[in-house]
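Single-letter residue listing:
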Amino acid sequence: MISSRSRKRRSKLFSAIAFALVFFCALPQSTWAVPQISPVDVPSSAETDVSIPVRVNITSDLPIQTVWFNYENATTGAFGGFGAMVYNETSGLWSYDIPPQSWKSEMRCTIKVTDTHDTAQYSFTIVILGEEEPKVFPWSLVITIIFLGVVLVLTELAFKPGLYRKTGREKAKELEEEDRMRELEGGEEKD
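Reading the values: rules and limits
Every chain's residues receive numbers from 1 upward, in the order its sequence appears when written. Local features are withheld for residues below a pLDDT of 70 in this predicted model, meaning they are given only at 70 or higher, and side-chain atom pairs are given and counted only at 80 or more; totals for whole chains, interfaces and linings count all residues. Hydrogens and waters are ignored; side-chain quantities use all the structure's heavy atoms. What makes two strands pair is DSSP finding at least two bridges between them. Helix numbering and strand numbering both begin at the N terminus, where a helix is a DSSP run of H or I of at least 4 residues and a strand a DSSP run of E of at least 2. Note on geometry: axes are lines fitted to C-alpha atoms, helical ones only across the stretch in contact, with angles between N-to-C directions running from 0 to 180 degrees. Buried residues of nine kinds, namely Ala, Val, Leu, Ile, Met, Phe, Trp, Tyr and Cys, make up a nonpolar core once their side-chain atoms join them within 4.5 Å. When a residue's accessible area, from a 1.4 Å probe over protein chains only, is under 20% of the maximum for its type it is buried; when over 50% it is exposed; and in between it is partly exposed. Residue contacts are defined here by distance: any two heavy atoms, one from each residue, within 4.5 Å place the two residues in contact. Each salt bridge in this description consists of a side-chain nitrogen of Lys or Arg and a carboxyl oxygen of Asp or Glu lying within 4 Å of one another. We define a polar contact as two N or O atoms separated by no more than 3.5 Å, with the added condition that, inside protein, one atom must be a possible hydrogen donor and the other a possible acceptor, whereas residues neighbouring each other in sequence contribute only through side-chain atom pairs. Note on aromatic pairs: the rings of Phe, Tyr and Trp (six-membered ring only in Trp) are paired at centre separations within 6.5 Å, and the planes decide the class, stacked below 30 degrees, edge-to-face beyond 60, tilted for the rest.

**A few points about the sheet that holds strand E1 (residues 36–41)**
Reading across from one edge, E1-E3-E7-E6 is the order of the four strands in this open sheet, with antiparallel pairing throughout. Looking at the sheet topology across the chains shown, the edges are occupied by E1 and strand E6 (86–88). Averaged over all neighbouring strand pairs, the angle between strand axes comes to 35°, with direction disregarded. In this sheet, strand E7 (residues 93–98) lies alongside E6 in antiparallel orientation, the contact comprising three bridges. Residue pairing across strands places Val86 opposite Ser95, the latter belonging to E7.

Dropping the structure here:
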């Protein structure tokens, strides 16, 4: 049987837990705000063969854990890179330098920020101005077709009667000649 003292203790414990849950859920929304990413130096276009600096301001009510930057060449579909952005304490900005691009293209970029509670993402596109990548002639396809053609011709020559093998007529003529020779030999032995 439970004593009245233990009931009171349990009641106080449940009350404390309920109060903590209510207090925890009633915290102001700003405490749980998603990190904010504000572009400071985010170019919409850039020249080829020049590194592309990207600078953003990130604000968060909670400590920031990671800031990642990735980019992909939308023209070719090639994945460019994935790396951590660097924080500059003097300016208070986060930065990343995209390596120089060789050809005209379009880059899809994404910044992903994670604090101790939420994750935020900022996406943008940079158009790379310059010469288009030259189209490469498909020599491997030409070489493959020539190789297959040579193999086909050699196979046809190797198995085609008349060049390396005797034709059916030639074989029949030889067999007839052998029969005639046997008959002659058989006739000479009888004499």
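**Let's talk about the nonpolar core**
In terms of nonpolar packing, the biggest core is built from 21 residues, with Phe69, Met85, Ile98, Cys109, Ile111 and Ile126 touching the most fellow members. Sorting the residues of this core by element identifies strand E3 (52–59), strand E4 (64–73), E7, strand E8 (105–115) and strand E9 (119–129) as the ones contributing at least two each. Ignoring any residue separated from it by four or fewer positions in sequence, one finds Met85 in contact with Val54, Val56, Val67, Trp68, Phe69, Trp94, Ser95, Tyr96 and Ile111.

**A closer look at the pairing of E3**
Burial of the side chains of E3 is restricted to one face: Ile52, Val54, Val56 and Ile58 are buried, whereas none of Pro53, Arg55, Asn57 and Thr59 on the reverse face is. Bridge count between E1 and E3: five bridges; the pairing is antiparallel. Directly across from Pro39, in E3, lies its bridge partner Val56. Pairing of E3 with E7, which is carried by five bridges, proceeds in the antiparallel orientation. Counted as the bridge partner of Val54 is Tyr96 from E7.

**Considerations on the pattern of salt bridges**
What the rule picks out here adds up to five salt bridges. In this structure, the salt-bridge partner of Lys104 is Glu132, at a minimum N-O distance of 3.9 Å. One end of the pair, Lys104, is in the loop between E7 and E8; the other, Glu132, is in the loop between E9 and helix H2 (139–159), and 28 residues separate them in sequence. According to the relative accessible area criterion, Lys104 is partly exposed, its value standing at 41%. Its relative accessible area of 56% is what places Glu132 among the exposed residues.

**Thoughts on the side chain of Thr110**
Positionally, Thr110 belongs in strand E8. Within the structure, Thr110 has its side chain in polar contact with the side chain of Ser123 (distance 3.5 Å). In this structure, Thr110 is in contact with Trp68, Phe69, Asn70, Gln121, Tyr122 and Ser123, ignoring residues within four places of it in sequence.

**What about unusual backbone geometry?**
For Asp49, which is not glycine, the phi dihedral falls at a positive 60°. In this fold, Asp49 is placed in the loop between strand E2 (45–47) and E3. Residue classification places Asp49 among the exposed residues on the basis of a relative accessible area of 57%.

**Topic: the packing of aromatic side chains**
Following the criterion strictly, the structure yields seven aromatic pairs and no others. When the centroid spacing of 4.6 Å and the interplanar angle of 25° are considered together, the rings of Phe69 and Tyr96 count as stacked. Highlighted residues: Phe69 in strand E4 and Tyr96 in strand E7, separated in sequence by 27 residues. With respect to burial, Phe69 and Tyr96 carry one shared label: buried. Seen in terms of ring centroids, Tyr71 and Tyr96 are 6.5 Å apart; in terms of plane orientation they differ by 55°. Their pairing is tilted. Of this pair, Tyr71 sits in strand E4 while Tyr96 sits in strand E7; the two residues are 25 residues apart in sequence, bridging distant segments of the chain. Classification of Tyr96 as buried rests on a relative accessible area of 17%.

Everything listed is a geometric property; what it means functionally is a separate question.
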